[in-house]
Every structure is written in C-alpha cells, then in structure tokens.
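What the coordinates show
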Amino acid sequence: MTAATEQSAEGQTERILGLPIRSMAPERCVAELDTLVEQAPVRLGFVNINTAYLIANDPAYQDALRRFVLLNDGVGLDLVSLVLHGRAFSHNLNGTDFVPHYLRSTRHSYRVFLLGAKPGIADAALEVLRKLAPQHEYVGSRHGYFTSEENEAVLQRIRDARADVVIVALGNPGQEMWIASNTERSGAKLAIGVGALFDFLTGTVSRAPLWVRKARLEWLYRLMQEPKRLAMRYCVYAPAVLFRAIAFGNGNQRRSS
Ligand code: UDP
C-alpha cells in the first residue's frame, strides 16, 4: 500500500492530483454524511475522469475542491488509481445513483432545493425526487442558466426557501465553483454537485440499461450517444490525467522527502 492510500472499515482514500478521493459502501457513506452535516456545512462532489482532467489543468478548481468531500465516480478514475496506487476503488459512487440513494436513506429530514439544468427540468426533477424520497420537503427549484449579476437573487431564493440541501447541476467546473463560493451564504448544510442528474431523473437524457451499468460499461453507452464530445474525454483526457497524476505524485514525493 502506498503512503497515499488508506483503507479501513471507514472506507478507502486515494490521493489523486493532491486531493483525497474517498470510496466506501454507499450505506457507510450515507452514515458519514449524516454525521458530517451535523457539524458544519458539507460540500459534496463526485470526481470522474472529466473532473480529474479539469483539476489537472485548473489550479483554482483544484483549490476549490480542497473543502469538499470527494467521492470516486467511474471506471476512468479506477484506472488512474490502479496505475498510481496499485488498487482500484472499492465502490463506484457516482452522483446519479448515490444522490437519490442518499435522499432515500438519510436519517435526516431535509428541505431540498434544486439548482441547475435547462428551464423546466429542475421543476420536473423535483417532482420525481418527491416521489422517490418523500420524507423531505422540496422547497424550490431554479434553472441553471444565470449570470453572475443574477447570482444574488438565486441565493436569496434559496435562503427564502430555508433550504438545508442544495443540489447543484451546473456541469463541471461550474457547479463545484458555485458550491465553493456560495454554500455558506445560501444557509444550506449540504451542497452537492450532480452533473446531469436532473436530466437523467426526468428522462431528458437516457441512462444505460442496468446490465450495462453493472458491467461498468456506462461510459461506452454514453460514448455512443454523444461520440464527438465524449470521445475526447475518454481517449484524450484519461491518458492526460494519468500522465499529470503520476507527475503530480512524483512531485509530491520529492517535495516531502
Ligand atoms: N448546466 C446548467 N448551466 C450551465 C451549464 C450546464 O444548468 O451553465 C446543466 C446542464 O443543463 C445539465 C448539467 O448542467 O443539466 C450537466 O451539464 P453537462 O452535461 O454539460 O455537464 P458535464 O457532463 O460536462 O459535467
């Protein structure tokens, strides 16, 4: 096991590009988050190969993520971990599966606000979540296309709704940058960056069949849906991240020795 690797009953942590990426059984993760939100506002993010590529190329994004709880998402990050630390992640904790699971399983009863996606989608996703996890109050939603001048009004809406949880779907890195700057001012205890979750919940974008997801081939399914955009991610980003992560790891070791 490398110095950057920790594994215990509480889960596994692998350091990638200077950030601790956590992996654990979903039930364990629910329990951990439930405890953390009682102590201080929690910013939750999911790191996949696209996020890792952005982190490798944007020091401000990397810095913003230092205050997040980061979970591993997808087979691309497994590959990076395998090459860097000799071990893949124990679980795949992508936001699309984990966030609905968290809302269904948490012992807390929250006031939930959805921020992001195209007009109409967050409203529709809110109704889907209301049925899926009825123990919470769904207190508002707002689409994700707004200017920095409009941000104060967005925050005021979240505060007026007295939201405990803000689920943010603004894409990467926008959603994490928004969470980093605004969580405290929003008054929320928990802010989660979820990518295309609202599109998936509403069927605006279709997910791979369950057997494909279980075979961990969802990336291939998505590649077939959006070949141009995603070919770039998988074919160029994954090797680039590996290269940068290895260089970053070596740099760290040199600095600490
Ligand atoms: N999105 C948004 N505002 C933006 C950019 C994106 O609300 O300024 C939404 C978009 O409509 C989608 C989600 O963020 O619902 C994820 O977008 P995308 O698939 O582009 O993100 P990525 O897969 O690149 O993280």
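Placed above this text is the structure.
In short, a report on the structure. Computed from a predicted model, the values in this text were never measured in an experiment. (Residues numbered from 1 in each chain as written. Predicted model: local features only at pLDDT ≥ 70, side-chain atom pairs only at ≥ 80, totals over all residues. Heavy atoms only, no water.)

**Describing the pattern of salt bridges**
As enumerated under the stated definition, the model contains 17 salt bridges in all. Where Arg213 meets Asp97, a salt bridge forms, and the shortest distance between an N and an O atom there is 4.0 Å. A residue pair is termed long-range when its members are at least 10 positions apart, and Arg213 in helix α10 (residues 210–214) and Asp97 in helix α5 (residues 95–105) qualify at 116 residues. With relative accessibility at 35%, the residue Asp97 sits in the partly exposed group. Note that Glu127 is salt-bridged to Arg130, the shortest N-O span being 3.1 Å. (Salt bridge = Lys/Arg side-chain N within 4 Å of Asp/Glu carboxyl O. Helix = DSSP H or I, 4+ residues; strand = E, 2+ residues; numbered from the N terminus. Buried < 20%, exposed > 50% of the residue type's maximum accessible area, 1.4 Å probe, protein only.)

**Considering the environment of Val75**
With respect to the helices and strands, the residue Val75 is situated in helix α4 (residues 75–85). The class for Val75 is partly exposed, based on a relative accessible area of 34%. Spatially, the C-alpha atom of Val75 lies 21 Å from that of Glu176, the residues being 101 residues apart in sequence. Excluding residues within four positions of it along the chain, Val75 makes contact with Arg216 and Trp219. (Contact = heavy atoms within 4.5 Å.)

**Some details on the site of the ligand**
In the neighbourhood of the ligand, 14 residues make up the surrounding shell, with Ala117, Gly144, Tyr145, Asp199 and Arg233 lying closest. At a separation of 2.8 Å, a nitrogen atom of the ligand approaches a polar backbone atom of Gly144. At 2.4 Å from an oxygen atom of the ligand is found a side-chain nitrogen or oxygen belonging to Asp199. Relative to its unbound accessible surface of 530 Å², the ligand loses 75% to contact with the protein. For the shell around the ligand, the per-class residue count stands at five nonpolar, five polar and four charged. (Near = heavy atom within 4 Å. Polar contact = N/O pair within 3.5 Å; in protein donor to acceptor, adjacent residues only side chain to side chain. Areas by Shrake-Rupley, 256 points an atom, 1.4 Å probe, with all protein chains shown as cover. Nonpolar A, V, L, I, M, F, W, Y, C, P; charged D, E, K, R; others polar.)

**Re the pairing of strand β7 (residues 137–142)**
Bridge analysis of strand β6 (residues 111–116) against β7 gives five bridges, and the strand direction is parallel. The residue of β7 that forms the bridge with Arg111 is Glu137. (Pairing = 2+ DSSP bridges.)

**A closer look at a nonpolar patch on the surface**
A cluster of nonpolar residues, Val75, Leu217, Trp219, Leu220 and Met224, forms a patch on the protein surface that exposes about 420 Å² of accessible area. Among the elements that take part in the nonpolar patch, helix α11 (residues 218–225) stands out by supplying three residues, more than any other. In this structure, Leu217 sits in the loop between α10 and α11. (Patch = residues over 30% accessible without salt bridge, like charges linked within 9 Å, V, L, I, M, F, W, Y side chains within 5 Å.)

**Side note on the packing of helix α1 (residues 26–39) against α5**
Packed helices, taken two at a time, are described by the angle between their axes plus the distance between the axes. Across the interface, α1 lies against α5 with an axial gap of 10 Å and an inter-helix angle of 65°. Every pair of crossing elements has a handedness; the one defined by α1 and α5 is right-handed. Counting all contacts with α1, which are made through Pro26, Glu27, Cys29, Val30, Leu33 and Asp34, the residues of α5 involved are Phe98, His101, Tyr102 and Ser105. Partitioned by chemical class, the residues of the contact of α1 with α5 number six nonpolar, two polar and two charged. (Axes fitted to C-alpha atoms, helices over the stretch in contact; angles between N-to-C directions. Left-handed = near helix turned anticlockwise from the far one by under 90°.)

It is worth stressing that arrangement in space is one thing and function is another; only the former is reported here.
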